[in-house]
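Chain residues, written in single-letter form:
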Amino acid sequence: MGTFRWKRWTFYVVKNERGICYVDVKKPDFPAIFSQEQVMGDIAAFLDYLHGVKQEIPVSLSIEGGTPFQQKVWQALLSIPYGATASYSEVARFIGMPNGVRAVGSAIGKNPILMAIPCHRVVGKDGSLRGFRSGIDLKRELLLLEKNRE
């Protein structure tokens, strides 16, 4: 497991043999396979994004956890462009479940890889910042970062 700091947050990064499987400000409740040194290149990619050097986070992702529905939602999040937002209802329509807004919100809340799977880009229908398991302040900072770097 590796860690890095950005502003007032410490992020935990976990990688398995297929790629990054966890990034969050909450320490994971499962053992890490790789050491800090083994995830340094991946951490550098996240820092490049957070410092506005890159608009993408070019790391291999291991998105294997979660239910098939959660997987579908997380894949949909990958299509939201840098600097853009989508509402929960837009994501629900995108995956073919226009009445599944609550289920979509729940799946988004279980996204294990912050920033690389951009759940922070999902907002309320009225544009308001809603639900973010790592805190609305972090969500606001990530959206501001992208808005100011477009």
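Because the structure is a prediction, the values reported are computed rather than measured. Numbering of residues starts from 1 in every chain and runs along the sequence as written. Reporting of local features is limited, given that this is a predicted model, to residues whose pLDDT is at least 70; pairs of side-chain atoms are given and counted only at 80 or more, and all residues count toward the totals for whole chains, interfaces and linings. Just so you know, side-chain values use all the structure's heavy atoms and leave hydrogens and water out.

A. Molecular detail of helix 5 (residues 136–149). With 14 residues, helix 5 extends 20 Å between its outermost C-alpha atoms, agreeing within 8% with the 20 Å of an ideal straight helix rising 1.5 Å per residue. Those residues of helix 5 lying buried are Leu138, Lys139, Leu142, Leu143, Leu145 and Glu146. Mapping the buried residues of helix 5 onto a view down its axis gives an arc of 155 degrees, with all of them on the same face. Facing away from the buried side of helix 5 by more than 90 degrees, the exposed set consists of Lys147 and Asn148. Note on definitions: a residue-residue contact is assigned when non-hydrogen atoms from the two residues lie within 4.5 Å. Only DSSP runs of H or I with at least four residues qualify as helices, and only runs of E with at least two residues qualify as strands; both kinds are numbered from the N terminus onward. On its buried face, helix 5 is in contact with strand 1 (2–6), strand 2 (9–16), helix 1 (40–50), helix 3 (88–94) and strand 5 (122–123). Multiply 1.5 Å by the residue count of a helix minus one, and that product is the helix's expected span. Categorising residues by exposure relies on relative accessible area from a 1.4 Å probe, with only protein chains included: less than 20% of the type maximum marks a residue as buried, more than 50% marks it as exposed, and the intermediate range marks it as partly exposed. The arc refers to the directions leading from the helix axis to the C-beta atoms.

B. Representation of the side chain of Ser134 in the model. Within the secondary structure, Ser134 is located in the loop between strand 5 and helix 5. Classification of Ser134 by relative accessible area gives buried; the value is 10%. Identification of polar contacts relies on pairs of N or O atoms within 3.5 Å, with a donor-acceptor requirement for protein atoms, meaning one able to donate a hydrogen and the other able to accept it, and with residues adjacent in sequence counted only if both atoms are side-chain atoms. Within the local environment of Ser134, its side chain forms a polar contact with the side chain of Asp24, the two groups lying 2.4 Å apart. Sequence-distant contacts of Ser134, that is, excluding residues within four places in its chain, are made with Asp24, Val25, Lys26 and Leu114.

C. Summary view of the packing of helix 2 (residues 68–77) against helix 4 (residues 101–109). Remark: helix 2 packs on helix 4, axes separated minimally by 9 Å, with the N-to-C direction vectors making an angle of 80 degrees. As judged from the angle between their axes, helix 2 and helix 4 are roughly perpendicular. Taking contact as the criterion, the partners of Phe69, Gln70, Val73, Trp74 and Leu77 in helix 2 are, on helix 4, Ala103, Val104, Ala107 and Ile108. Amino acids are sorted into nonpolar (Ala, Val, Leu, Ile, Met, Phe, Trp, Tyr, Cys and Pro), charged (Asp, Glu, Lys and Arg) and polar (every other residue, Gly among them). Of the residues in the contact of helix 2 with helix 4, the class split is 8 nonpolar, 1 polar and no charged. Note on geometry: axes are C-alpha line fits, over the in-contact stretch for helices, and angles between N-to-C directions span 0 to 180 degrees. When describing relative orientation, an angle under 35 degrees is termed roughly parallel and one over 145 degrees roughly antiparallel, while 65 to 115 degrees is termed roughly perpendicular and anything else oblique.

D. Focus on the pairing of strand 1. Only one face of strand 1 is covered, namely the one carrying Gly2, Phe4 and Trp6; the face carrying Thr3 and Arg5 has none of its residues buried. Strands are treated as partners if at least two bridges between them are detected by DSSP. Here 5 bridges tie strand 1 to strand 2, and the two strands are oriented antiparallel to one another. The residue bridging Phe4 from the neighbouring strand is Phe11, located in strand 2. The antiparallel pairing of strand 1 with strand 2 creates a hairpin that spans 2 residues between the two strands, and Lys7 there sits at a positive phi of about 50 degrees.

E. Just the nonpolar core, in detail. Phe11, Val23, Leu77, Val91, Met115 and Leu138 are the most contacted members of the largest nonpolar core, which has 42 residues in total. Elements represented by at least two residues in this core include exactly strand 1, strand 2, strand 3 (19–24), helix 1, helix 2, helix 3, helix 4 and helix 5. Look past the residues within four positions of Phe11 in its chain and what remains in contact with it is Gly2, Thr3, Phe4, Trp6, Val23, Asp24, Val25, Met115 and Leu138. What makes a nonpolar core is a set of buried Ala, Val, Leu, Ile, Met, Phe, Trp, Tyr and Cys residues whose side-chain atoms join them at distances within 4.5 Å.

F. Highlighting the packing of aromatic side chains. Side-chain rings of Phe, Tyr and Trp, where Trp is taken by its six-membered ring, are said to pair if the distance between their centres is within 6.5 Å; with planes under 30 degrees apart they count as stacked, over 60 as edge-to-face, and otherwise as tilted. Taken as a whole and judged by the stated rule, the model has 5 aromatic pairs. Consider the rings of Tyr49 and Tyr82, whose centres lie 6.2 Å apart with planes at 90 degrees: the pair is edge-to-face. One end of the pair, Tyr49, is in helix 1; the other, Tyr82, is in the loop between helix 2 and strand 4 (86–87), with 33 residues separating them in the sequence. Tyr82 carries the same exposure label as Tyr49, and that label is buried. Taken together through their ring pairs, the aromatic side chains of Phe4, Phe11 and Phe46 make up a single cluster. Sitting over the face of the ring of Phe34, Lys15 holds its NZ or CZ atom 6.0 Å from the ring centroid. Each ring is checked for a lysine NZ or an arginine CZ that lies within 6 Å of its centre and within 35 degrees of its normal; such an atom marks a charge sitting over the ring.

G. Examining the environment of Ile113 more closely. If you trace the backbone, Ile113 turns up in the loop between helix 4 and strand 5. Exposure remark for Ile113: the relative accessible area of 0% places this residue in the buried category. Residues Ile113 and Cys21 lie 92 residues apart in sequence; the distance between their C-alpha atoms is 6.3 Å. Setting aside residues up to four positions removed in sequence, Ile113 forms contacts with Ile20, Cys21, Tyr22, Val23, Leu61, Ser62 and Ile63.

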